[in-house]
Amino acid sequence: MAEAEQKFGREKGSVRIMAVTKTVPPEKVNAAVAEGITLLGENRVQEYLSKKDQYDNSAEVHIIGHLQTNKVKYVIDSVTMIQSVDSIKLAHEINRLAEKHGRVMDVLLEVNIGGEDSKTGISESGLMELAEETAALKNVRIRGLMAIPPIGAEEALYAQMEKLFEQLKEKDLPNAQIDTLSMGMSGDYETAVKYGSNLIRIGTGLFGARDYTKKVTEG
Ligand SMILES: *Cc1c(COP(=O)(O)O)cnc(C)c1O
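What comes next is a walk through the structure. Note that the coordinates shown come from a computational prediction; the quantities given were computed from them, not determined experimentally.

## Some thoughts on the overall build of the protein chain
A tally of regular secondary structure across the protein chain gives nine helices and eight strands. Taking the principal axes of the C-alpha coordinates as reference, the protein chain spans close to 45 × 45 × 35 Å. The buried share of the protein chain, reckoned over its 219 residues, is 49%. Across the protein chain, the fraction of contacts at a sequence separation of at least 24, relative to all contacts at a separation of at least 6, is 60%. Accessible surface, the protein chain as shown: approximately 10,700 Å² in total, 47% of it carbon and sulfur. Counting 27 positive and 33 negative side-chain charges, the protein chain places the centres of these two groups 4 Å from one another.

Okay, here's the thing in structure tokens:
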């Protein structure tokens, strides 16, 4: 990571590393935290709920997987950011529950930058409208954008994300503090860092290949 920052003229330590915990048993997650990881990424609410009581509480948790509106209530109190907001319906539900809990929830808008049918995220063409509608909600604070570029995507898509991020900053939205571009995983973090990402989400690169056959709660 430090090498990538240097290579692309990014300030040292300016890109935050998230440990993505899907399928990883809590002991291993805690070991990563003990080694200095300060941010965890959770894909699945069910899995997160089954593990969270075993996490030592020193790391922040962000939701990075698709979040159904009826599941917001399970995470509203324990996470510091929801990176996967891709509809106004979801933003409204986060706002409603955040207000109820007397807090403001930080969110990223997830962009389906590859335009893939199989992926969640708002389309590029719908992004600015979603941003404006979400910015009207007082208990939600937009912090930036998240994307999962298709495997092997051309660099133009990363550059496009960087451009959208800059455009969002320039909009001067209310209830917003646009400072986070969450882009890049184990296989593409260098390209992401080249194009302005300041939060990379790493699973395999930290924990090794995922074993989906094992029940995570068994450790
Ligand atoms: C699994 C996952 C990652 C991490 O992927 P790796 O290739 O294992 O680093 C990052 N972001 C999201 C949204 C994921 O689901």
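## Regarding helix α6 (residues 127–135)
Along α6, the residues that are buried comprise Leu127, Leu130, Ala131, Thr134 and Ala135. Buried residues of α6 fall within an arc of 130° about the axis and therefore sit on the same side. Residues of α6 that are buried make contact with β4 (81–85), α5 (88–100), β5 (105–111), β6 (140–147) and α7 (155–170).

## Here we look at the site of the ligand
Close to the ligand lie Val20, Lys22, Asn43, Ile64, Ile148, Met185, Ser186, Arg201, Ile202, Gly203, Thr204 and Arg210. Taking Gly203, its main chain carries an N or O atom lying 2.8 Å from an oxygen atom of the ligand. Within the complex, 89% of the 380 Å² of free accessible area of the ligand lies under protein. When grouped by side-chain class, the residues that make up the shell around the ligand number five nonpolar, four polar and three charged.

## Comments concerning the pattern of salt bridges
By the definition in use, this model includes 12 salt bridges. Across the pair Asp53 and Lys52 runs a salt bridge whose closest N-O atoms are separated by 3.9 Å. A relative accessible area of 69% places Asp53 in the exposed class. Overall, the relative accessible area of 26% leaves Lys52 in the partly exposed class.

## Some thoughts on the pairing of strand β3 (residues 60–63)
Of the pairings in the sheet, the one linking strand β2 (residues 39–42) to β3 comprises four bridges and is parallel in character. Bridge pairing in β3 links Glu42 to Ile63. Tracing the backbone out of β2, into helix α3 (residues 45–51) and back to the parallel element β3 gives a crossover that is right-handed. Relative to β4, β3 runs parallel, the two being bridged by two bridges.

## Remarks on the environment of Ala156
You can see Ala156 is positioned in helix α7. A sequence separation of 59 residues divides Ala156 from Leu97, and the C-alpha atoms of the two residues are 38 Å apart.

## Focus on helix α2 (residues 26–34)
Residues Pro26, Val29, Asn30, Ala32 and Val33 constitute the buried set of α2. One side of α2 holds all its buried residues, which, seen down the axis, span an arc of 155°. Backbone geometry just after α2 places Gly36 at a positive phi near 120°.

## A look at the side chain of Ser197
In this fold, Ser197 is placed in the loop between α8 (189–194) and β8 (199–202). A polar atom in the side chain of Ser197 sits 2.6 Å from the backbone oxygen of Met183. Once residues lying within four places of it in the same chain are set aside, the contact partners of Ser197 are Arg10, Val15, Leu181, Ser182, Met183 and Ala192.

## Concerning the nonpolar core
Counting 53 residues, the largest nonpolar core has Leu40, Ile82, Ile94, Leu145 and Met161 as the members making the most contacts within it. In this structure Ile82 touches Ile63, Leu67, Val75, Ile94, Met105, Asp106, Val107 and Leu108, once residues within four positions along its chain are discounted. Counting residues in hydrophobic clusters, the runner-up holds eight residues, among them Val20, Leu39, Leu108 and Leu199.

Rules and cut-offs
- Think of each chain on its own: its residues are numbered from 1, step by step along the sequence as written.
- Confidence filtering applies because this is a predicted model: local features only for residues at pLDDT of at least 70, side-chain atom pairs given and counted only at 80 or more, and all residues used for totals across whole chains, interfaces and linings.
- The basis for every side-chain value is the complete set of non-hydrogen atoms in the structure, without hydrogens or water.
- In this text, helices come from DSSP runs of H or I with a minimum length of four residues, and strands from runs of E with a minimum of two, each type numbered from the N-terminal end.
- Three exposure classes are used, based on accessible area relative to the maximum for each residue type with a 1.4 Å probe and protein chains only: buried under 20%, partly exposed in between, and exposed over 50%.
- We call two residues in contact when some of their heavy atoms are within 4.5 Å.
- Per-residue accessibility takes into account occlusion by the displayed protein chains alone, with areas from the Shrake-Rupley method and a 1.4 Å probe.
- The positive count covers Lys and Arg only, the negative count covers Asp and Glu only, and His and the chain ends enter neither.
- For charged residues, the charge sits on one atom: NZ in Lys, CZ in Arg, CG in Asp, CD in Glu.
- To obtain the arc, one takes the directions from the helix axis to the C-beta atoms.
- Throughout this document, a residue counts as near a molecule or strand when at least one of its heavy atoms sits within 4 Å of that molecule or strand.
- Counted as a polar contact is a pair of N or O atoms within 3.5 Å, where, for protein atoms, one must be capable of donating a hydrogen and the other of accepting one, and residues adjacent in sequence contribute only when both atoms are in side chains.
- Only Asp, Glu, Lys and Arg are considered charged in this grouping, and only Ala, Val, Leu, Ile, Met, Phe, Trp, Tyr, Cys and Pro are considered nonpolar; every other residue, Gly among them, is considered polar.
- In what follows, salt bridge is the name for a side-chain nitrogen of Lys or Arg lying within 4 Å of a carboxyl oxygen of Asp or Glu.
- Following DSSP output, two strands are said to pair if at least two bridges run between them.
- For crossovers, right-handed means that the path from the first strand over the helix to the second runs clockwise, given strands pointing away from the viewer.
- Residues enter a nonpolar core if they are buried and are Ala, Val, Leu, Ile, Met, Phe, Trp, Tyr or Cys, with the set joined through side-chain atoms within 4.5 Å.

That's the geometry; what it means functionally is another story.
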